[in-house]
Structures are given as C-alpha cells and as structure tokens.
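Given next are the chains, with one letter for each unit.
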Amino acid sequence: MQSLQSQMTRDAAPLGLDMIDESSLQAAEESLDEEELGLRERDRLLQILHDAEELTKRRQIRVKDSAVAVDRASHELDSAKNEWGQWLKTRGLLDTFTPETAEVLQRQVELGRSQLKTVRSWQLRIKAIEKDIDEYVEAVEPLALAFDVTFDRNDWRIVAAAVDSLSALQEEVKDLVKKRVNAEAELEDAKSQLEERTSALQKGEEELAQLVQSGGAESVEDFRVRAGHAERRRELDDRVRTALDGLQRLSGPGNPLESLKAELGGTDLQSITDAIVRLKDEQATADARYGKLSTERGSIQTELDSLVGEEESSRLRMDKNVLEEQIRGHARAWSRLTLAKNLLIEARRKYERERQPGVVRHAQKFFAAITDGRYRQVYAPLGEQTITVADADRRTKKPFELSRGTREQLFLSLRFGLIRELGQRTEPLPVIVDEVFVNFDPDRALRAAVAFTELSCTNQVLVFTCHPTIVEMFIGASSEVGIGEPTVVSIE
C-alpha cells in the first residue's frame, strides 16, 4: 500500500499535483481540456494568419501588375493625345478640341448641312416661282394691253390688280357666252315651235274650210250662225224630251200618258189653279201636323237621352276611378323603375371609373399628359366595343368626334398603355416608331416626346425620323424627365 502511494506520488509530480485523488484528477482533466482548446484555437489562428499572408502576397502581385498596366495605359494615353494633337494640327483645328466636343461639333455640322440643304431647296423653289411669275407676267401683259387695262410689270400690286380685272372680264365674257348659247338654243326652240304652229295653223285652216263646205255655209260667219241655230234646236229638243219624261213619270208608264194629255186637253187654266191652291192648303195642314209630331218626338228623345246619360255618367265615373287607380299604380311602378335605372346608371359610371383594365388606366395617364390635361379620362363603356374620352368639363366624345391629331394621340396613348401593361406581365419588348409626330402640333409633340422618354425607362425605344427638330425635341424631353440624352444614329 505504501509502495502504491509512493508510485502515485511520483506519477503526480509530472502533472504538478501533490497527490493523485479523484478531485485532483478531475481538476487535471479539466485543465487538460482547456489546454487542448487553447491549442486548437492557436492552430486556427495560425491557419488564418497563413491565409492572410497568402492573400497579401497575391494582392501585392496584383498591385504590381495594376501599376504596370496603369503605366502602360498612361503611355498609350499620352501617345493617343499626341496623335490627336498632330491630327488636329494637320487639319488646322484648335488643339483644345476633344473627341467629345468633336462629336458635338459633328452633330452641329450635320444639322448645318441639313439646314443648308433646306435653304438651297427653298432657293430653288423661289427661283422656280420667280420664273413662273415672269412667264405669267409675259402671258398677262398682252391681254392687259389688248383690253386697255393698266399694267406695270415692275409693280406687283398693279400686276395683281390687272389680273383681277382680266379675271372679272373673263367671268363677264363667260356669262355673255353662256347667255348667247342659251339665247341661240331658245331661238332654235322658238323656230321649231313656230314651224310646228304654222303647220298646225295650215292644217286647222284646211279642216275649217272642209267643215264650212260640209255644213253648206257660204262663209265662216254663216257657219257660226247656222251652228248657233243648231245648238238652239238641240236645247229645245232636250227641253221637250225632259217635259215628256216628267209627264210620263206623273202619269205612269204606258197609256196613262195619253189619258193625261186628253184630260189636260179637257180642262182650263182656272180649274188647274184652284186645284193647286187646294193642294197647297192640304200640304200646309200636313206640314203643321208633321212639325207638332217632330216636336213631340224631340222631347221624348231628350227624356230618353237624359235617362241614358245618367247611367252613362255613372259608368264613366266608375271607369274614371278605375283608370285613376291604374295610373297611380303605374306611377309607383314608374318611380321604382326610374330609381332603379338611375342607380344602375350611377353604378355603371362608378364601375367604368374605377374598374377599367390596366391598358386603359395607363393610356389615360399618357393621354392626359400629351393633351396637357384637356382630356382627363379615358374609359371603355360597359358592354360596348369602343373607347370614350372625357374633357375637363366632363363632356364625353367618341374617337370619330375628335380631330385627326387628337385621335392619333389617343391611339398612341392606348399603345403606350398596352406596352406598359404587357411589360408588367412579360419581358419588356423594344418599341419602334417612324415619323409618329406628323399630325401633332409642336406643344403636343413635345409632350408626346416626354411620354416616349418616360416609356424608355422600361422599354427600349427606337425612333426613326428625318427631321432634326424631332431629335432636338427628344433631347429636350430627356432633360425634362431627368435621364441621359438619347443616342442619335445618323443613317445615310
């Protein structure tokens, strides 16, 4: 036992312990664990230090390489500057020019060339117009002298007045020629009518001669007298036939007419007159009785009408009450239907204001910007295949009611809206336009250019034009929007 303790004491000495026991061993074990952790942390830090040294070496190499590249680039830049200076000197240009300013100068030169081309075109047109004016003056001068019109080829006012005078004379001559043609046509018609009437007159005279001859008359006047006698005879014959017909009706058909004639032959005028007076008295008595009966009939009819009228009035009052009740019912139904109609119209308007498709909403913003707020709303009416716009006073218009320029701006805004809506759902596509501002006034063209510039923030925009003013307009629009200037590519 003593030898074992001695052995443990000897073993504990290397560990820095006086004696080996459980608590000492546990403390030693914990101390060893801490030392092991310290050794691992040291190894990790040594590895980090080694990696940092390697990284430092690589970066030092890259710094040396970069310094070499910078030196090489500086030499190349100096060489390029020298070459640029020699190029400018060779062409007699200022040595203060830079490639950037040269590009601006090139654009100015191109613009100057374009404007010079326009000036030369106008000069050619002016020369052509002057030539036409000289030819016109050469043509007008003989006419002015021929018609005694004041003319001075060196004073354009007198030339214009002479042209107006000659034009007025020409119109007068045209009117006179037209009147002459019409008069000649009327003369031909009159000659034709005269020939026709002369022929008709001759034919009538021949027929009249034949008629006078067939009537056995010696002259036209004699024929007229005989014709009057014949007409009188026919009238008398008609009166005789009418009287006989009357007698036949009075006497009856057949032999009674002969009996009436015989009876009239056996009477005198006084007896007939007395009989007529007697018959008139009987007729007056019958008329009085008829009047009395008519009066009685009228009073009876009045009583009957009053009785029928009371029943009719009662029935009409009942019908009136029924109709009034029906009218009140219809009025209530009309009120309900009118209220429902107004509610539906208001709901539809609210839906059209708040539930428009994304394309129309985007188009509305672009259209309001292009028209400077003159038209503030664009919407598609519910159930209709059309577009409606509303101005600042809420007056609505269809596309066909707009001017051509405003209508094209509306359609352009709808395309913008479609492009913006598709760009939110799919990959944005390039936008290509060619001379899109042909029918725009300058103010709306500038606002449309601003809209194109805003659209370029999400889509690539390619604009083709042959007008330098359009290019300047887009450059100004880019500065207004606050983005970089557009890239200008000249295509020869």
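Residues numbered from 1 in each chain as written. Predicted model: local features only at pLDDT ≥ 70, side-chain atom pairs only at ≥ 80, totals over all residues. Heavy atoms only, no water.

**Topic: the packing of aromatic side chains**
Now for step 1: All chains considered together, the criterion is met by four aromatic pairs.
Now for step 2: Arranged with centres 4.7 Å apart and planes meeting at 90°, the rings of Phe-416 and Phe-452 form a pair that is edge-to-face. On the criterion of sequence distance, the pair formed by Phe-416 in helix 9 (residues 404–425) and Phe-452 in helix 10 (residues 442–455) is long-range, its members being 36 residues apart.
Now for step 3: An aromatic cluster is defined as three or more aromatic residues linked by ring pairs; in this entry it consists of Phe-366, Phe-416, Phe-452 and Phe-474. (Phe/Tyr/Trp six-rings, centres within 6.5 Å; stacked < 30°, edge-to-face > 60°. Helix = DSSP H or I, 4+ residues; strand = E, 2+ residues; numbered from the N terminus.)

**Looking at the pairing of strand 4 (residues 431–434)**
Now for step 1: Going residue by residue along strand 4, you find Val-431 and Val-433 tucked away on one face and Ile-432 and Asp-434 left uncovered on the opposite face.
Now for step 2: Across four bridges, the pairing between strand 4 and strand 5 (residues 461–464) is parallel. The partner of Val-433 across the bridge, within strand 5, is Val-463. (Buried < 20%, exposed > 50% of the residue type's maximum accessible area, 1.4 Å probe, protein only. Pairing = 2+ DSSP bridges.)

**Observations regarding the confidence of the model for the protein**
Now for step 1: Scored by pLDDT, the protein has a mean of 77; 79% of the residues are at 70 or more.
Now for step 2: Taking the mean pLDDT of every element in the protein, the minimum, 60, falls on helix 1 (residues 2–12) and the maximum, 87, on strand 5. (pLDDT = per-residue confidence, 0-100.)

**Quick word on helix 10**
Now for step 1: Relative to the 20 Å expected for 14 residues at 1.5 Å per residue, helix 10 spans 20 Å between its end C-alpha atoms, a close match to the ideal helical length.
Now for step 2: Taken together, the buried positions of helix 10 are Arg-444, Ala-445, Ala-448, Ala-449, Val-450, Ala-451, Phe-452, Thr-453 and Leu-455.
Now for step 3: The opening residue of helix 10 is Asp-441, an N-cap whose side-chain oxygen sits 3.2 Å from the backbone nitrogen of Asp-443. (Expected span 1.5 Å × (residues − 1). Polar contact = N/O pair within 3.5 Å; in protein donor to acceptor, adjacent residues only side chain to side chain.)

**Considerations on the nonpolar core**
Now for step 1: Counting 19 residues, the largest nonpolar core has Phe-416, Phe-437, Phe-440, Ala-449, Phe-452, Met-473 and Phe-474 as its most contacted members.
Now for step 2: Counting only elements with at least two residues in this core, the list comes to helix 8 (358–370), helix 9, strand 4, helix 10 and helix 11 (468–481).
Now for step 3: Among the elements that line this core, the one with the most residues is helix 10, at seven residues.
Now for step 4: Once residues within four sequence positions are removed from consideration, Phe-416 is found in contact with Phe-366, Ala-451, Phe-452 and Leu-455.
Now for step 5: Residues Phe-367, Val-378, Val-389 and Leu-414 belong to the second largest nonpolar core, which totals 10 residues. (Core = buried A, V, L, I, M, F, W, Y, C linked by side-chain atoms within 4.5 Å. Contact = heavy atoms within 4.5 Å.)

**Comments concerning the sheet that holds strand 3 (residues 396–397)**
Now for step 1: In space, the three strands of this open sheet follow the order 1-2-3, with antiparallel pairing throughout. In this open sheet, the two strands that pair with only one neighbour each are strand 1 (375–379) and strand 3.
Now for step 2: By the bridge criterion, two bridges tie strand 2 (residues 388–391) to strand 3 in an arrangement that is antiparallel. Paired with Val-389 across the bridge in strand 3 is Lys-397.
Now for step 3: Along the sheet face, helix 8 touches strand 1 and strand 2 and points at about 160° away from the line of strand 1. (Axes fitted to C-alpha atoms, helices over the stretch in contact; angles between N-to-C directions.)

**What about the pattern of salt bridges?**
For side chains bearing opposite charge, pairing can occur when the charged atoms are close.
Now for step 1: Inspection of every chain in the model, using the stated rule, returns nine salt bridges.
Now for step 2: For the salt bridge of Glu-36 with Arg-40, the shortest nitrogen-to-oxygen distance reads 2.8 Å. With Glu-36 and Arg-40 both in helix 2 (residues 22–90), this residue pair falls four residues apart, about one helical turn.
Now for step 3: Relative accessible area serves as the criterion here: at 38%, Glu-36 is assigned to the partly exposed category.
Now for step 4: Residue Glu-421 is joined to Arg-425 by a salt bridge in which the shortest nitrogen-to-oxygen separation is 2.8 Å. Of this pair, Glu-421 and Arg-425 are both found in helix 9, four residues apart, which corresponds to roughly one turn of the helix.
Now for step 5: Classification of Glu-421 by relative accessible area gives buried; the value is 10%. (Salt bridge = Lys/Arg side-chain N within 4 Å of Asp/Glu carboxyl O.)

**Considerations on a nonpolar patch on the surface**
Now for step 1: Residues Ile-432, Leu-462, Phe-464, Val-489 and Ile-491 make up a contiguous nonpolar surface patch of roughly 510 Å² in combined accessible area.
Now for step 2: Relative to the elements of secondary structure, Ile-491 occurs in the segment after helix 11. (Patch = residues over 30% accessible without salt bridge, like charges linked within 9 Å, V, L, I, M, F, W, Y side chains within 5 Å. Areas by Shrake-Rupley, 256 points an atom, 1.4 Å probe, with all protein chains shown as cover.)

**Quick word on the packing of helix 8 against helix 10**
Now for step 1: Viewed as axis vectors pointing N to C, helix 8 and helix 10 meet at an angle of 145°, and their least axial separation amounts to 8 Å. Of helix 10, the residues touching helix 8 (which contributes Phe-366, Ala-369 and Ile-370) are Arg-444, Arg-447, Ala-448, Ala-451 and Glu-454.
Now for step 2: Taken together, the residues that form the contact of helix 8 with helix 10 break down as five nonpolar, no polar and three charged. (Nonpolar A, V, L, I, M, F, W, Y, C, P; charged D, E, K, R; others polar.)

**Remarks on the packing of helix 10 against helix 11**
Now for step 1: Look at helix 10 against helix 11: their axes get within 8 Å of each other, and the N-to-C directions meet at 60°. Accordingly, the angle class assigned to the pair helix 10 and helix 11 is oblique. The handedness of the crossing between helix 10 and helix 11 is right-handed. Of the residues in helix 11, those in contact with Ala-445, Leu-446, Ala-449, Val-450, Phe-452, Thr-453 and Glu-454 of helix 10 are Met-473, Phe-474, Ala-477, Ser-478, Glu-480 and Val-481. (Parallel < 35°, antiparallel > 145°, perpendicular 65-115°, else oblique. Left-handed = near helix turned anticlockwise from the far one by under 90°.)

**Some remarks on unusual backbone geometry**
Now for step 1: Positive phi outside glycine occurs at Asp-372, with the angle close to 60°.
Now for step 2: Within the fold, Asp-372 resides in the loop between helix 8 and strand 1.
Now for step 3: Positive phi outside glycine occurs at Arg-394, with the angle close to 65°.
Now for step 4: For Arg-394, the position within the fold is in the loop between strand 2 and strand 3.

**Brief notes about helix 8**
Now for step 1: Taking 1.5 Å as the rise per residue, helix 8 with 13 residues should run 18 Å; its terminal C-alpha atoms sit 18 Å apart, in good agreement.
Now for step 2: Among the residues making up helix 8, those that are buried are Gly-358, Val-360, His-362, Ala-363, Phe-366, Phe-367, Ala-368 and Ile-370.
Now for step 3: Buried residues in helix 8 make contact with strand 1, strand 2, helix 9 and helix 10.
Now for step 4: Asp-372 sits one or two residues past helix 8 and shows a positive phi near 60°.

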